[in-house]
Amino acid sequence: MIPVVAESPAVELLGVTKKFRGGLAVDNLNLTVPRGSTLGLIGPNGAGKSTTIRMLMGTLAPSLGQVRVFGLNVANHAARIRPRVGYVPERHDVYPWMTVSEVIAFTSAFYPHWDVGFCRELMDLFALDGRKAVKHLSKGMLVKLSLLLAVSHHPELLILDEPTSGLDPIVHDDFLEAVLRSVCGRGTTVLHSSHNLEDIRRLADSVCILRAGRILVHGGVDQLLASVKRIRAVLIDGHLPRWVPDGTVSQKIQRREWLLTVDRFDKSLADRIRRENPVESVDVFDLSLGEVFKDYVLGGAEP
Amino acid sequence: MTRLLWKDYRLNRPLVILCVATCGLVYLVGVGTQIASAWPQLPSSSDWAGMLVSSGTVAMYLTICFSGLFGGHAIACERGDRSANFLACLPPTKLQILASKLTVSAVAMASFWSCVLLTVYVIPPALVSQPSHVGELATGSGVVSICVLTFGVGWMASAVLDKTTLPILVALLSPVAVSIALILVGSVLRIPQARVSEWSNLVSVTTGLSAFIAGSWYYCRRVEP
């Protein structure tokens, strides 16, 4: 009996842990991605992003916890889930001996809602030659083929696992354009793992920063950028800070300059820093998503 | 399912070509030998019948190797080039994937066996207007049981391992292993060798089928592609 769950989120990770012999790759991850939203999954190498995605695709079993897609447990209903999901992996393992046309014909046979017109449109956009063997495609073309295969059936959930790493800027832009074209106005949920924070900024509604298999922060991109600020205070000569605000993500003291990155910033916080510490001046700066990411990852803040 | 069958046929095509070429070579050598030995006359019908039986018997024994090749190649070949990762993210279920692989291997083996049966048991008696070599069917059934063994063991090893070389090797060595095991069992339990030999077909088929079922079960249970 297959449960029909109409209003469930697109993705739910409930206490998911994955242990390998080398240690914990994912540690008690709880994450919900509502339908129709775009989540950017970012983190340093080895943060557990690809492991999480492999568990979502049902090609890796969690050691603990439950992975649910559209309310269905991936462990039991992978075959029901896969027709609704498009996946562009980091490494493209398409049959090397097939031609582009053969791969498309092979893949399309498994999707009842395969959009031949849209597929043709993407082939033209990507200048993909149907007669060329997959093994003779460049990395950029292989990524484009992989995206074409993932989106031509208009998936309800599109999972992108660092697809643009190592691509030249032109292929990169073509790729993003195709992603936007395929998801626009269709209510597609997108889970995009990437090291390219500009892509995340452009595509994602919300962002989740992972480190060592744990979530450091998860929230709306705009909300995050509005609440995380950098404060630069100039200390009075010979003094050290006395009061460090709660929600400090990272801090660094160089001579008299005290640099803090704080979460949940409001104006009263800057005033309190002035009052409680021996400082000459306090300035507040906005941060880019990249700076927020670096400060969270390098700052050593506990999740 | 049609596309899966097409994909598995394409994956196995090099093996099919290899097997057809090997069998063809065996028959070609047989034809050449007959013509050379009868020269300058043409070989008689009974010569042709004899040639077909001897070449067909060699081809029959070669099917043991072919079934090991098909079994050992079936699943691991897609892990070898990592295309199993691609397939694992597509909608077909593991049972469908296995059914397609089994169908292609079974059709290929059935084709070789049809050829062997024709050349050993059907055509030669017709050429010399004699009854069929019914007595030799016993040899045929023995070879079939070893084919089941090599295919099943190869299939199981292929389901577990990531490269095709070892599964094929294991499959080809499995008849030797079963023979040694039977001899050992016979000598330990003091059973006459003739009696033990009678069991070989049953043991081969049982081991082959068990390995096939175990391999299929493992493949379906395994989460990683």
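Read on for an overview of the structure. (Residues numbered from 1 in each chain as written. Chains lettered and ligands numbered in written order. Predicted model: local features only at pLDDT ≥ 70, side-chain atom pairs only at ≥ 80, totals over all residues.)

A few points about the overall build of chain A
Looking only at helices and strands, chain A has 10 helices and 14 strands in total. Here the C-alpha coordinates of chain A stretch approximately 70 × 45 × 40 Å along the principal axes. The proportion of buried residues among the 303 residues of chain A is 39%. Considering only residue pairs separated by 6 or more positions, chain A has 72% of its internal contacts joining residues 24 or more positions apart. (Helix = DSSP H or I, 4+ residues; strand = E, 2+ residues; numbered from the N terminus. Buried ≥ 20, exposed ≤ 12 C-beta atoms within 10 Å, placed from the backbone. Contact = placed C-beta atoms within 7 Å.)

A closer look at the overall build of chain B
The number of helices and strands found in chain B is eight helices and zero strands. For chain B, the succession of helices and strands along the chain, N to C, is α-α-α-α-α-α-α-α. Referenced to the eigenvectors of the C-alpha coordinate spread, the extents of chain B come out at roughly 65 × 50 × 25 Å. Scored against the burial criterion, the 225 residues of chain B give a buried share of 38%.

Thoughts on the pairing of strand 12 (residues 248-254) of chain A
All names here are of chain A. Bridging between strand 12 and strand 13 (residues 257-262) involves six bridges; their strand directions are antiparallel. Residue pairing for strand 13: glutamine 251 is matched across the bridge by leucine 260. What sits between strand 12 and strand 13 in their antiparallel hairpin is a turn of two residues, with arginine 255 showing a positive phi close to 55 degrees. (Pairing = 2+ DSSP bridges.)

Notes on the nonpolar core
Ranked by size, the top nonpolar core spans 122 residues in total, and within it A:Leu56, A:Val69, A:Val103, A:Ile159 and A:Ile209 carry the most contacts. It is helix 6 (residues 137-160) of chain B that provides the largest number of residues to this core, a total of 12 residues. Residues in contact with A:Val69, not counting those within four places in the same chain, are A:Ala10, A:Val11, A:Leu56, A:Val74, A:Ile81, A:Val85 and A:Leu157. (Core = buried A, V, L, I, M, F, W, Y, C linked by C-beta atoms within 7 Å.)

Some details on the sheet that holds strand 7 (residues 157-161) of chain A
In a beta sheet, neighbouring strands are held together by backbone hydrogen bonds and run either parallel or antiparallel to one another. Residue and element names in this part refer to chain A. The mixed open sheet is built from six strands, whose spatial order is 6-7-8-3-9-10. Two strands close off the open sheet at either side, each with one partner strand: strand 6 (85-88) and strand 10 (214-220). Taking each pair of neighbouring strands and ignoring which way they run, the sheet shows an average axis angle of 15 degrees. The pairing of strand 6 with strand 7 spans four bridges and is classified as parallel. For tyrosine 87, the partnering residue across the bridge sits in strand 7 and is isoleucine 159. (Axes fitted to C-alpha atoms, helices over the stretch in contact; angles between N-to-C directions.)

Things to note about the environment of A:Ala47
Mapped onto the elements, A:Ala47 comes out in the loop between strand 3 (38-42) and helix 1 (49-56). Non-local contacts of A:Ala47, meaning those with residues more than four positions away in its chain, are made with A:Leu210, A:Arg211, A:Ala212 and A:Gly213.

Observations regarding the sheet that holds strand 12 of chain A
Residues and elements named next belong to chain A. Across the sheet, which stays open at both edges, the four strands sit in the order 12-13-11-14 with antiparallel pairing between neighbours. Because the sheet does not close on itself, it has two edges, and the strands there are strand 12 and strand 14 (279-285). Taken pair by pair, the neighbouring strands of this sheet meet at an average axis angle of 15 degrees, ignoring direction. Docked against the sheet, helix 9 (residues 267-276) engages strand 11 (229-235), strand 13 and strand 14, running at close to 160 degrees with respect to strand 14.

A word on helix 1 of chain A
All names here are of chain A. Across the eight residues that make up helix 1, a large majority, eight, are buried. Along helix 1, the positions that sit buried rather than exposed are Lys49, Ser50, Thr51, Thr52, Ile53, Arg54, Met55 and Leu56. Following helix 1 by one or two positions, glycine 58 has its phi on the positive side, about 80 degrees.

Side note on the environment of A:Phe118
Residues and elements named next belong to chain A. With respect to the helices and strands, the residue phenylalanine 118 is situated in helix 4 (residues 116-126). On the basis of neighbour count, phenylalanine 118 is assigned to the partly exposed category, with 16 C-beta atoms found within 10 Å. Separated by 35 residues in sequence, phenylalanine 118 and histidine 153 have C-alpha atoms that sit 8.8 Å apart.

Spatial relationships are all this shows, so hold off on functional conclusions.
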